[in-house]
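Residue strings, one per chain:
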Amino acid sequence: MKKILTLSVLLVSMSNILTTNAKTIAEELKPTADLVLVNATVYTVNDQQPHASTIAIHQGKITYVGDRKGVKKYIGANTSIQDMQKKLVLPGFQDAHVHPMEGASLETFIGCDLVDISAKVDDPELWIDEIKSCNDIPAPHNWILGGGHDHHQLMNLDRLPKEILDEAFPNKPAAFMEKSSHSMWVNSKALAMVGITKDTPHPQGGKIGKDAKTGEPTGILYDSAGDELMHKALAKTPKLQAARYQAILNSQELLAKHGITSAVNARVYWIRGNLEPWLKAQQQNTLKARNIMALWAYPHLDDDYQLKQLKAMYQNDKASLLRVNKVKFYSDGVPDLNSAAVLDPYGVLVHDQAEPLGGNYFTGKRLAKYITELEPTGFGAIIHAIGDRGTREALNAIEAANKANPKLTGNKRRHYITHVRWVSEQDIPRFAALNVPADTQMNYIDYEDYDSGDYYGDEALYDLLYANNKSNTDALPAIHKAGAKIVISSDWDVASIDPLFSIQNALQEFKGAMPKADIIKLAVKAYTLNAAYALAQEKQTGSIEVGKYADLIVLDQNIFTIPATTIRDTKVILTLLGGKEVYRATK
Ligand SMILES: [Zn+2]
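Here's what I pulled together on the structure shown here.

1. Side note on the side chain of T575
Then comes step 1: Tracing the chain through its elements places T575 in strand β23 (residues 572-577).
Then comes step 2: For T575, a relative accessible area of 1% puts it in the buried group.
Then comes step 3: Leave out the neighbours within four places in its chain, and T575 touches A256, G259, T261, L552, I553, K580, E581, V582 and Y583.

2. Describing unusual backbone geometry
Then comes step 1: A cis amide bond links W492 to the next residue, D493, at an omega of 15°.
Then comes step 2: Residue position: D493 is located in the loop between β21 (486-489) and α17 (499-509).
Then comes step 3: One non-glycine residue with positive phi stands out, namely H419, at about 80°.
Then comes step 4: A relative accessible area of 11% means that H419 is categorised as buried.
Then comes step 5: Residues other than glycine seldom take positive phi values, yet D491 does so here, at roughly 60°.
Then comes step 6: Residue placement: D491 occurs in the loop between β21 and α17.
Then comes step 7: Taking the relative accessible area as the measure of exposure, D491 reaches 5% and is therefore buried.

3. Thoughts on the state of the cysteines
Cysteine pairs can be linked by a disulfide, which is a covalent bond between their two sulfur atoms.
Then comes step 1: All chains considered together, the criterion is met by 1 disulfide.
Then comes step 2: Put simply, C112 and C134 are joined by a disulfide, and their sulfur atoms are 2.0 Å apart. The sign of the 80° torsion about the S-S bond sets the C112-C134 disulfide as right-handed. Taken together, the residues span a long stretch of sequence, with C112 in strand β9 (residues 112-113) and C134 in the loop between α4 (128-131) and β10 (144-147) at a distance of 22 residues. Per residue, the accessibility class of C112 equals that of C134, and both read buried.

4. Details of the coordination of the zinc ion
For a metal bound by four donors in a tetrahedral arrangement, the ideal donor-metal-donor angle is 109.5 degrees, while six donors in an octahedral arrangement ideally sit at 90 or 180 degrees.
Then comes step 1: The protein atoms that coordinate the zinc ion are H97 (NE2), H99 (NE2) and D491 (OD), at distances spanning 2.0 to 2.2 Å.
Then comes step 2: Read in sequence order, the donor residues for the zinc ion give the motif H-x1-H-x391-D. Here H97 is found in strand β8 (residues 93-98), whereas its partner D491 is found in the loop between β21 and α17, with 394 residues between them in sequence.
Then comes step 3: Judged by relative accessible area, which is 1%, H97 ranks as buried.

5. Things to note about a negative patch on the surface
Then comes step 1: A contiguous patch of negative charge on the surface is contributed by D113, D116, D129 and E130.
Then comes step 2: Within the secondary structure, D129 is located in helix α4.
Then comes step 3: On the accessibility criterion, D129 (66% relative accessible area) is exposed.

6. Things to note about the packing of α17 against helix α18 (residues 516-526)
For any two helices packed against each other, the geometry is given by the interaxial angle and the distance between the axes.
Then comes step 1: Packing of α17 against α18 leaves a shortest axis separation of 9 Å and a crossing angle of 135°. The angle between α17 and α18 falls in the class oblique. Relative to α18, α17 is oriented so that their crossing is right-handed. Note on element contacts: α18 touches α17 through K516, I519, I520, A523 and V524, opposite I503, A506 and L507.
Then comes step 2: A class-by-class count of the residues in the contact of α17 with α18 yields 7 nonpolar, no polar and 1 charged.

7. What to know about the sheet that holds strand β6 (residues 80-83)
Backbone hydrogen bonds are what pair the strands of a sheet, in a parallel or an antiparallel way.
Then comes step 1: In spatial order, the strands read β5-β4-β1-β6; together these 4 strands make up an open sheet with mixed pairing. Unpaired on one side and paired on the other, β5 (61-66) and β6 mark the two borders of the sheet. Direction aside, the axes of adjacent strands within the sheet are offset by 15° on average.
Then comes step 2: For strand β1 (residues 35-38) and β6, the ladder comprises 4 bridges, and the chain directions are parallel. In the sheet register, L35 faces β6, and the bridge partner there is S80.

Criteria and cut-off values
Residues numbered from 1 in each chain as written. Predicted model: local features only at pLDDT ≥ 70, side-chain atom pairs only at ≥ 80, totals over all residues. Heavy atoms only, no water. Helix = DSSP H or I, 4+ residues; strand = E, 2+ residues; numbered from the N terminus. Buried < 20%, exposed > 50% of the residue type's maximum accessible area, 1.4 Å probe, protein only. Contact = heavy atoms within 4.5 Å. Disulfide = S-S within 2.5 Å. Donors = N, O, S within 2.8 Å, 3.2 Å for Na, K, Ca; no water. Patch = residues over 30% accessible without salt bridge, like charges linked within 9 Å, V, L, I, M, F, W, Y side chains within 5 Å. Areas by Shrake-Rupley, 256 points an atom, 1.4 Å probe, with all protein chains shown as cover. Salt bridge = Lys/Arg side-chain N within 4 Å of Asp/Glu carboxyl O. Lys, Arg positive; Asp, Glu negative; His and termini not counted. Charge placed at Lys NZ, Arg CZ, Asp CG, Glu CD. Axes fitted to C-alpha atoms, helices over the stretch in contact; angles between N-to-C directions. Parallel < 35°, antiparallel > 145°, perpendicular 65-115°, else oblique. Left-handed = near helix turned anticlockwise from the far one by under 90°. Nonpolar A, V, L, I, M, F, W, Y, C, P; charged D, E, K, R; others polar. Pairing = 2+ DSSP bridges.

What follows is the structure in structure tokens.
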């Protein structure tokens, strides 16, 4: 009996194999495309075949790249042929560092927007009348939440910063995130909600602003101190989860509109329940890009607990539009709060709790422990490092993990550092040596307004902060020259989400390092194939090549031939994700 059963099972499975094989062979004999793009100016980002005019797509994948003549045998009765009218076709952009849900949440549940008022009026005392209206904004939580100011605007007031918010919001806890996202401005009710008093110690990775004379909390929470308060404010409720889901849907429209076909959500606050609405979007098929989740590594959590939780959330099906295969660490903070970790002491300290060598969210030793533990699972680390010491410690941690896991190869080890710019000369060659892509943002400065002095950041302050600095504060061209992969990302909503804005800015950032045409090519590669490499999906996407997903975009002008100062005006007119249209511009 047992034998007969085994045999019949075997026969059934053999016949399955035969039919599957028969289908595959038939398909190969007649590889009819679903869609063929003709008469295009294709820049493939594939060095073997950089240019083409024609692309064939079948079942979401690219089956042909070449000229029009060669595509004939791919065209059948059901093939849709689209004339691209000579427009530029590129691989879809890949944003290796963006905050899709949080960026879109300003309109869904973080309703009190300080961006405009803080740009127009410098003195927060004069904001009170206007921001009082935020008391009336309906929200899926019981807080007043918002952001967009610059924390320097809160530095030289006649009273404690929290007292301004107490006046505007006497009855509700209020919290405002500054535009770099590295500090929170809160009122007394918010401090009381989380029990912060003058006796509360500073948490790992953060500082509680305290008055120099009285020790009273000032109402400014630096770095991780603010994150912990937000967990209380945004702890999950059904209402809030619905708002988060809506923010995700909105973010997908925005990504598709900007030609971004892969996006790394660079900080998933999983304790607040932020992963769940993404899983819902995956289930309901509402995603319009390949979304890669970078789970936030909390500095205050117990290591064993946190590592176990992170591993349990891992998922990495390459065909799915949602993957959970990155962990986001902060090595350090930001220089203008003295929280970036530096090798030489800051030339000036901007607040009473600041330390001359900056701070660490994660020390180098702890980073090494986490990466060593997580990379065998398949997780890649994304490490925020801004200071030269922070960057060195991040490289050291990756190096230590390499040594601890000598057998791991290939895409099991795709860690990258983000915000790379400020690097000690001796660390510059280590990016290439350790195979660590250098991810950076090029959208913080609006070079059109640069000469008029209207740009992101305060140059005079940076001169003071960097007074003792011996490292290279503009290290990207040198890192590129040393052979490392450069990746450009947006960090939206800290700055513009538009890849074309960054690509134009790259001409300024790499000025003098190479000819203009090569800079544009490098910037496109940094936003496509190099990013795909950082995301361990360079075999599936990132260039226009046979066998890869048809993640493609069409632009309204050719960025390689137009005057460089107009690249940022370029618009995406069509976005295809796996051969499917996810965005088309209306005329
Ligand atoms: Zn970010």
